Amino acid sequence: MIIVGVDDDFNRELANLLNAKFIPLEVRRFPDGEVCPRILISDINDIKGETVIFAHRMKAGSCRPNDYLTEILLTLLNLKEINPQKIILITPYFVYARQDTAFRLGEPKSAKYIAETMEWAGVDVIVTVSTHFHRMRKMSDFFTKALGINVSGFIPLAKYVKDNYKLYKPVVIAPDEEAKIWAEEFARTAGIPDYTALKKERDLETGEIKTYVGELDVKDREVIVVDDIVSTGGTMANAVSEALRRGAKRVISCFVHPVLAPGALEKLMKAGVSEAIATDTLSWEKARVTVTNEISKALSSVL
Ligand code: R5P
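Now for a description of the structure that goes with this document. Chains are numbered independently. Their residues run from 1 in the order of the written sequence. Given that the model is predicted, a residue must reach a pLDDT of at least 70 before its local features are reported, and side-chain atom pairs must reach 80 or more before they are shown or counted; all residues, however, enter totals for whole chains, interfaces and linings. Each side-chain value is worked out from all heavy atoms of the structure, with water and hydrogens disregarded.

## Observations concerning helix H8 (residues 264-271)
Alright, step 1. Considered for burial, the residues of H8 that qualify are Ala264, Leu268 and Ala271. Relative to the axis of H8, the buried residues are bounded by an arc of 65° and lie together on one face. Across from the buried face of H8, at angles greater than 90 degrees, the exposed residues are Glu266 and Lys270.
Alright, step 2. Packing partners of the buried residues in H8 comprise strand S12 (222-230), helix H7 (234-245), strand S13 (250-258) and strand S14 (275-278). When a residue's accessible area, from a 1.4 Å probe over protein chains only, is under 20% of the maximum for its type it is buried; when over 50% it is exposed; and in between it is partly exposed. A run of H or I in DSSP becomes a helix once it reaches four residues, and a run of E becomes a strand once it reaches two; helices and strands are each numbered from the N terminus. This arc describes the spread of directions from the helix axis toward the C-beta atoms. Any two residues whose heavy atoms approach within 4.5 Å are treated as being in contact.

Set out below in structure tokens:
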């Protein structure tokens with residue numbers, strides 16, 4: 001079994017956990033923005049007839065989902081041409097998942113189309129972490145030919161908090177109703193009895209976010225705000241400010257995917273967050289929690 005991927009600790013650790021041979025991927029970016037991902041093989045027989053796992057992560061703060069997607073598609077097609085026995089893609093942050101329906105007339109169902117394109121590019125199994133499921137609720141709603149596996153990034157996040165923090169009267173808060181299932185999963189895993197969700201409205205034209213709070217008992221308590229993605233930081237920052245405004249003692253922010261558009265972390269700090277804890281589903285030097293164990297465990301059932 002082979003793992004192809006950028007030479008970093010995440011991919012090396014996966015290769016180690018899965019007992020696979022590691023083949024590095026070099027990604028060149030030309031001055032005009034085109035990308036060229038090259039699999040550093042010395043002989044195509046290293047891949048032909050093998051089970052190949054291609055693991056690829058986007059860089060936090062890069063705001064380049066389209067480059068990332070192109071690198072994935074070019075590499076999948078490149079692998080397909082070499083004819084391995086099976087191609088497994090690990091894409092911990094599944095880009096475009098939030099556009100899982102046409103919210104306005106004429107918009108694309110991006111998540112569905114991207115899943116179909118990946119299947120066309122030859123993927124047999126795809127592994128993602130805490131994919132943003134809402135209108136599409138499970139991997140088989142995205143993937144009809146390939147086997148989709150979605151592992152939870154909230155579980156290792158919650159275990160990390162449980163093992164490293166002693167919190168005073170903690171409460172877990174989701175910044176919107178959609179995130180309530182993750183707050184519940186996080187609270188259950190961390191052994192925190194209380195969780196709740198705020199209400200959020202996003203203007204589809206301007207992107208402006210408004211957060212509404214109903215009953216929220218956070219006075220003198222330590223709060224953990226939990227979400228899947230922090231992109232602009234607006235959703236998380238609003239929830240953090242609300243908790244503090246209502247008397248929370250301290251607010252920690254936990255999220256799976258540190259997409260982190262420029263200015264996002266500053267926004268969280270300005271809102272008063274005391275710590276931002278995220279996983280390594282995107283490559284970020286400050287990620288504190290790894291999802292490699294969850295991925296390798298999930299994969300061992302199909303290998
Ligand atoms: C949206 O439904 C997601 O779960 C996140 O809350 C959202 O993507 C965060 O985006 P931003 O950081 O730009 O507010």
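What follows continues from the structure just given.
## Structural notes on the packing of helix H2 (residues 65-82) against helix H3 (residues 110-120)
Alright, step 1. Taken N-terminus to C-terminus, the directions of H2 and H3 make an angle of 25°; their axes are 9 Å apart at the nearest point. Judged by the angle between their axes, H2 and H3 are roughly parallel. Listed contacts from H3 to Leu69, Ile72, Leu73, Leu76, Leu77 and Lys80 of H2 are Ile114, Thr117, Met118 and Trp120.
Alright, step 2. Three classes are used: nonpolar for Ala, Val, Leu, Ile, Met, Phe, Trp, Tyr, Cys and Pro, charged for Asp, Glu, Lys and Arg, and polar for all others, with Gly counted as polar. Here the residues of the contact of H2 with H3 are counted per class, giving eight nonpolar, one polar and one charged. Note on definitions: angles span 0 to 180 degrees between N-to-C directions of axes, and those axes are lines fitted to C-alpha atoms, for helices only across the stretch in contact. Between 65 and 115 degrees an angle is taken as roughly perpendicular, under 35 as roughly parallel, over 145 as roughly antiparallel, and anywhere else as oblique.

## Regarding the sheet that holds strand S8 (residues 171-174)
Alright, step 1. Only strands that DSSP links by at least two bridges are regarded as paired with each other. Ordered by their spatial adjacency, five strands build an open sheet running S9-S8-S12-S13-S14, and the pairing between neighbours is parallel. Strand pairing shows two members of the sheet lacking a second neighbour, strand S9 (195-197) and S14, which therefore form its edges. Neighbour-to-neighbour, the strand axes of this sheet turn through a mean angle of 25°, independent of strand direction.
Alright, step 2. By the bridge criterion, three bridges tie S8 to S9 in an arrangement that is parallel. Of the residues in S9, the one forming a bridge with Val172 is Tyr195.
Alright, step 3. With respect to the sheet, H7 is in contact with S12 and S13, its orientation differing from that of S12 by roughly 170°.

## With respect to the packing of aromatic side chains
Alright, step 1. Geometry of aromatic contacts follows a simple scheme: Phe, Tyr and Trp rings, the Trp one being its six-membered ring, pair when their centres are within 6.5 Å, and the pair is stacked under 30 degrees between planes, edge-to-face over 60, tilted otherwise. Counting across every chain of the model gives four aromatic pairs.
Alright, step 2. Pairing Phe94 with Phe142 gives two aromatic rings, centres 5.6 Å apart and planes at 85°, and the pair type is edge-to-face. Placement of Phe94 in the loop between strand S5 (86-90) and H3 and of Phe142 in helix H4 (residues 139-142) is noted, with a sequence separation of 48 residues between them. Side by side, Phe94 and Phe142 carry an identical accessibility label, which is buried.
Alright, step 3. Centre to centre, the rings of Phe154 and Trp182 are 5.5 Å apart; their planes meet at 15°, and the pair counts as stacked. Highlighted residues: Phe154 in helix H5 (residues 154-164) and Trp182 in helix H6 (residues 180-190), separated in sequence by 28 residues. Summarising the burial analysis for this pair, Phe154 and Trp182 share the class buried.
Alright, step 4. Grouped by ring-pair contacts, the aromatic residues Phe94, Phe142 and Phe143 constitute a single cluster.
Alright, step 5. By the criterion adopted, a ring carries a charge over it if an Arg CZ or a Lys NZ lies within 6 Å of its centre and within 35 degrees of its normal. In this structure, Lys80 is placed above the aromatic ring of Trp120, and the distance from its NZ or CZ to the ring centre is 5.9 Å.

## Some details on the site of the ligand
Alright, step 1. Whether a residue is near a molecule or strand depends on its heavy atoms: it is near if one of them lies within 4 Å of it. Every one of the 15 residues lining the ligand counts as a neighbour, but Arg98, Asp227, Asp228, Thr232 and Thr235 are closest to it.
Alright, step 2. One nitrogen or oxygen atom from the side chain of Arg98 is found 2.7 Å from an oxygen atom belonging to the ligand.
Alright, step 3. Nitrogen and oxygen atoms within 3.5 Å of one another constitute a polar contact, given that in protein one can donate a hydrogen and the other can accept it, and given that sequence-neighbouring residues count only through two side-chain atoms. Between an oxygen atom of the ligand and a side-chain N or O atom of Thr232, the distance comes to 2.6 Å.
Alright, step 4. Protein contacts shield 95% of the accessible area of the ligand, which totals 380 Å² for the unbound molecule.
Alright, step 5. Contributions of two or more residues to the shell around the ligand are made by strand S10 (199-202), S12 and H7. The method behind every accessible area is Shrake-Rupley, applied with a 1.4 Å probe, and residues are considered shielded solely by the protein chains displayed.

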